[in-house]
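Okay, here's what each chain looks like letter by letter:
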Amino acid sequence: MSNQFKAILLLNVLFFICGCHTKTRNKEDAFINNLLSRMTIDEKIGQMNQVSWGDWNDLARKGQIGSALNLTDPVALKEMQRCAVEESRLGIPVLVSRDVVHGYKTMQPIPLGQAATFNPELIEKGARMAAIEATSAGIRWTFAPMVDISRDARWGRIAESFGEDPYLSAILGSAMVKGFQGDSLNDPTSMAACVKHFAGYGAAEGGRDYNSTLIPQNELMNVYLVPFDAARKAGVATVMCAFSDNDGIPCTANKFLLQDILRDEWKFDGFVVSDWASIAEMVIHGFASDSKEAAMKALHAGVNMEMVSGTYLSNLKALLEEGKVSISQIDDAVRNILRVKYRLGLFENPYFVTNKDVFYAQNHLDIARKLAEQSAILLKNTGQILPLDSNTIQSIAVVGPMADAPYEQMGTWSFDGEKEQTITPLTAIRDYIGNKANVIYEPCLAYSRDKDPKGIIQAVSKVKQADVIVAFVGEEAILSGEAHSMADLNLKGAQTDLIEELKLTGKPVVMIVMAGRPLVIEKELNDVNAAIYMFHPGTMGGPAIADLLFGKAVPSGKTPVTFPKMVGQIPIYYNHKMTGRPATRKEILLDSIPIEAGQTSLGCTSFYLDAGFDPLFPFGFGLSYTTFEYGTPELNMPVFGKQDILKASCTLRNTGDYEATETVQLYIRDLVGSLSRPVKELKGFQRIFLKPGQEKTVVFELPIDNLAFWNAEGKNVVENGDFQLWISTDSSIGNPIHFKVED
Ligand code: GLC
């Protein structure tokens, strides 16, 4: 076949595809515009109204409900939909929604835990499973993925995020979108995703939820918007604006975000929903004098649907009559909403068939178990105490408030998960080794905040008999998530005393932390032989940790957030700026500072006298039962043009005794820019499985235009200059190699 013929054939194929797409879009637009033309103003405003909890059948008959959330009774849900479809004038279906954030019935690890897997393929499978379960309960729209960049562990919602890195959040958020939305939105097992909270909510000042943010434009474009743009490219159907005000403008009325970026720059064609009552709350912000003005400002900015506060339903008609909003603004909002309903296939198929067989289906439990296992981060393993040998252990003590806490283990935003289905570590360890060894169980504390030492004192004499002690500490689910900020990140209650007492027994101690955020655990770490961190692992957390403790699985998790030594170091994150006086890491710290020390005797660099500079654990950190050896990275060229593709490779060898997976990370640094640039930026990662002694060459392909950033002129550019590149096991180590970019 001649090249000319190939070219003609390719062109014909492309025209055919475009033609199909155009035809589909034309059919879609024709349907939507025809329906819109028949709608009254009341029916149009009704589509912009979302209600929650309660009996809404009458409003549904009037076509005054665009969406409903938190309606979980299938009979009531079907009746409400019947009223909308069969008794309203135009029969427009209601979009049923729910927060299906990390599972519906089968609970997966919280998103921060899923991020620790660095496994987008598995996360997509988890979201797909969640969609299959949720849609069988009538839910066709979920308020996830949450991709707020989170650099502050005091902020409880870090639990719902993918952590501190824009690239990781972009990759994992997109995977979740694809999982929820499936191959086609109109598949009855697909649900519209909702990327949230647009934007910058994670930068709440002081880590106090709902607080103001102060994010300048460069930081907004280069950090906080990155995962939202990725979700948009992944085809996310909806966007939720954030509660917070940035530099004095609530995101609910931020035209730059909702119009200039989302619509004009990104050409997003789904719809925007407010957060819970965030339109009405602009009165409380002091940004609107009353709910009528709030409704006007939200519509002008580009909020298409209002979550529960009802200001659109109450005020838009009057605002239209007063000429303060236009019919085209209302039509645009309604068109976007109808478009998502059309793509979901709701007009042809508004009803659902409950199928409880999919709840906790074995393949769902297997995915949840794999996610929990891969989310676990091995922080310490002195003397290779782990894995435990189930053939030689005679007696194992399982202690702590999180060892048998089925509800807490599911984590925040587990609305529909059932604690009765959760398998706890205690249950799993008994199942695993109970027939061969004596399992001593002592909670020691009733819950994480329990200060009563009685349980600890009573337990010590018993746990002393064990060959090894496994202590499950951390925090209950309620202590992270929305509105659950914390000013002190130390272990609560008498948990630190518990770990101290366990150390005094002289027995080997393994600490497992289950939490919704990185906690400050430096002291406890010093008191134990080994430690594994599991961000609330969900329904199958028990079997996952048992597999890891006894070596049936090997830890592969990596920290998706930096772990501070002290809460005072926050905000602390790896991709910080260099500053003009970076820490040398040789600073004199508190206890070594002499009396009458001279003013400049401690150096003039950026560090804390009492905490130094470095965190407890850097971003991307995680040990294994085996060891890995990295070769020196090599590049395909030393100098690159802007259209080139950089190929970086290095050998990786498993130099230990266990087959295991290592997440190899690729970082770059742009040494000089028209803006000061981060000291490192993650630009790639790969999970590599190796048997003992096996070696592979890991290759990354990085288009040079992936080095682009938004400069001070608001342009997305790759600038010429010198760069460094690392291929490493985490963000803190490795020797860089250099390359140049030139025109
Ligand atoms: C909440 C949250 C948002 C959630 C919504 C519906 O306040 O901010 O993330 O999706 O309301 O529950």
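Coordinates for the structure precede this section.
Quick caveat, the model's predicted, so the values are computed rather than measured. (Residues numbered from 1 in each chain as written. Predicted model: local features only at pLDDT ≥ 70, side-chain atom pairs only at ≥ 80, totals over all residues. Heavy atoms only, no water.)

1. Side note on the overall build of the protein
Within the protein one finds 20 helices and 27 strands. Whereas a compact globule of 743 residues would reach a radius of gyration of roughly 27 Å, the protein reaches 27 Å, a difference of no more than 12%. Principal-axis analysis of the C-alpha atoms places the extent of the protein at approximately 80 × 70 × 65 Å. Split into buried and exposed, the 743 residues of the protein put 58% on the buried side. Counting only contacts in the protein whose residues sit at least 6 apart along the sequence, the fraction spanning at least 24 positions is 76%. Working note: accessible area of the protein is about 29000 Å², and carbon and sulfur atoms make up 52% of it. Side chains of the protein carry 71 positive and 88 negative charges; the gap between the two charge centres is 3 Å. (Helix = DSSP H or I, 4+ residues; strand = E, 2+ residues; numbered from the N terminus. Rg over C-alpha atoms; globule rule 2.2 N^0.38 Å. Buried < 20%, exposed > 50% of the residue type's maximum accessible area, 1.4 Å probe, protein only. Contact = heavy atoms within 4.5 Å. Areas by Shrake-Rupley, 256 points an atom, 1.4 Å probe, with all protein chains shown as cover. Lys, Arg positive; Asp, Glu negative; His and termini not counted. Charge placed at Lys NZ, Arg CZ, Asp CG, Glu CD.)

2. Points about the environment of Gly 721
Position of Gly 721 relative to the elements: it lies in strand E26 (residues 721–728). Along the primary structure Gly 721 and Val 672 are separated by 49 residues, whereas in three dimensions their C-alpha atoms are 6.8 Å apart. Sequence-distant contacts of Gly 721, that is, excluding residues within four places in its chain, are made with Phe 739, Lys 740 and Val 741.

3. Describing the packing of aromatic side chains
Within this structure, the stated rule accounts for 26 aromatic pairs. Each ring, one from Phe 118 and one from Phe 685, has its centre 5.3 Å from the other, and the planes form 85°; the classification is edge-to-face. Here Phe 118, found in the loop between helix H5 (111–115) and helix H6 (120–135), pairs with Phe 685, found in strand E22 (residues 681–690); they are 567 residues apart in sequence, far enough to count as distant. Classification of Phe 118 by relative accessible area gives buried; the value is 1%. Between the aromatic rings of Phe 535 and Phe 563, the centroid separation amounts to 6.2 Å while the plane-to-plane angle is 50°, which identifies the pairing as tilted. Placement of the pair is Phe 535 in strand E16 (residues 530–535) and Phe 563 in the loop between helix H20 (541–549) and strand E17 (628–630), with a sequence separation of 28 residues. The burial state of Phe 535 is the same as that of Phe 563; both residues are buried. Each member of the aromatic cluster is reached from another via a ring pair, and the members are Phe 118, Tyr 167, Tyr 574, Phe 619, Tyr 667 and Phe 685. Lying over the aromatic face of Phe 287, Lys 297 brings its terminal NZ or CZ to 4.1 Å of the ring centre. For the cation-ring pair, Arg 677 lies above Phe 709, with the distance from its terminal atom to the ring centre recorded as 3.9 Å. (Phe/Tyr/Trp six-rings, centres within 6.5 Å; stacked < 30°, edge-to-face > 60°. Lys NZ or Arg CZ within 6 Å of the ring centre and 35° of its normal.)

4. Quick word on the pairing of strand E14 (residues 468–474)
Burial within E14 is extensive, with seven of its seven residues counted as buried. Burial along E14 is two-sided: the face carrying Val 468, Val 470, Phe 472 and Gly 474 and the face carrying Ile 469, Ala 471 and Val 473 are both buried. Bridge count for strand E12 (residues 395–399) against E14 is four bridges, and the pairing is parallel. Bridging across to E14, Val 399 finds its partner in Ala 471. With respect to chirality, the unit in which E14 leads through helix H18 (residues 495–504) into the neighbouring parallel strand E15 (residues 509–515) is right-handed. (Pairing = 2+ DSSP bridges. Right-handed = clockwise from strand over helix to strand, strands pointing away.)

5. A short note on the packing of helix H7 (residues 166–181) against helix H9 (residues 226–233)
Between H7 and H9, whose axes approach to 8 Å, the crossing angle comes to 30°. Taken together, the axis directions place H7 and H9 in an arrangement best described as roughly parallel. Regarding H7 and H9, the two cross each other, and that crossing is right-handed. Residues Pro 166, Ser 169, Ala 170, Ser 174 and Val 177 of H7 form the contact with H9, whose participating residues are Val 226, Pro 227, Ala 230 and Ala 231. The residue makeup of the contact of H7 with H9, split by class, is seven nonpolar, two polar and no charged. (Axes fitted to C-alpha atoms, helices over the stretch in contact; angles between N-to-C directions. Parallel < 35°, antiparallel > 145°, perpendicular 65-115°, else oblique. Left-handed = near helix turned anticlockwise from the far one by under 90°. Nonpolar A, V, L, I, M, F, W, Y, C, P; charged D, E, K, R; others polar.)

6. Regarding the site of the ligand
Taken together, 13 residues lie around the ligand, and Asp 99, Arg 157, Lys 196, His 197 and Asp 275 are the ones closest in. A distance of 2.5 Å separates an oxygen atom of the ligand from a polar atom in the side chain of Asp 99. Contacts to the ligand include Glu 482, whose side-chain N or O atom sits 3.0 Å from an oxygen atom. The fraction of the free accessible surface of the ligand (310 Å²) that becomes covered by protein chains is 95%. (Near = heavy atom within 4 Å. Polar contact = N/O pair within 3.5 Å; in protein donor to acceptor, adjacent residues only side chain to side chain.)

7. A look at the pattern of salt bridges
For the structure on display, the rule yields 43 salt bridges. For Asp 269, the salt bridge goes to Arg 343, with nearest N and O atoms at 2.8 Å. Here Asp 269, found in the loop between helix H10 (255–265) and strand E9 (271–273), pairs with Arg 343, found in helix H14 (residues 327–343); they are 74 residues apart in sequence, far enough to count as distant. Here Glu 500 and Lys 523 are joined by a salt bridge, their closest N and O atoms 2.9 Å apart. A residue pair is termed long-range when its members are at least 10 positions apart, and Glu 500 in helix H18 and Lys 523 in helix H19 (residues 522–527) qualify at 23 residues. (Salt bridge = Lys/Arg side-chain N within 4 Å of Asp/Glu carboxyl O.)

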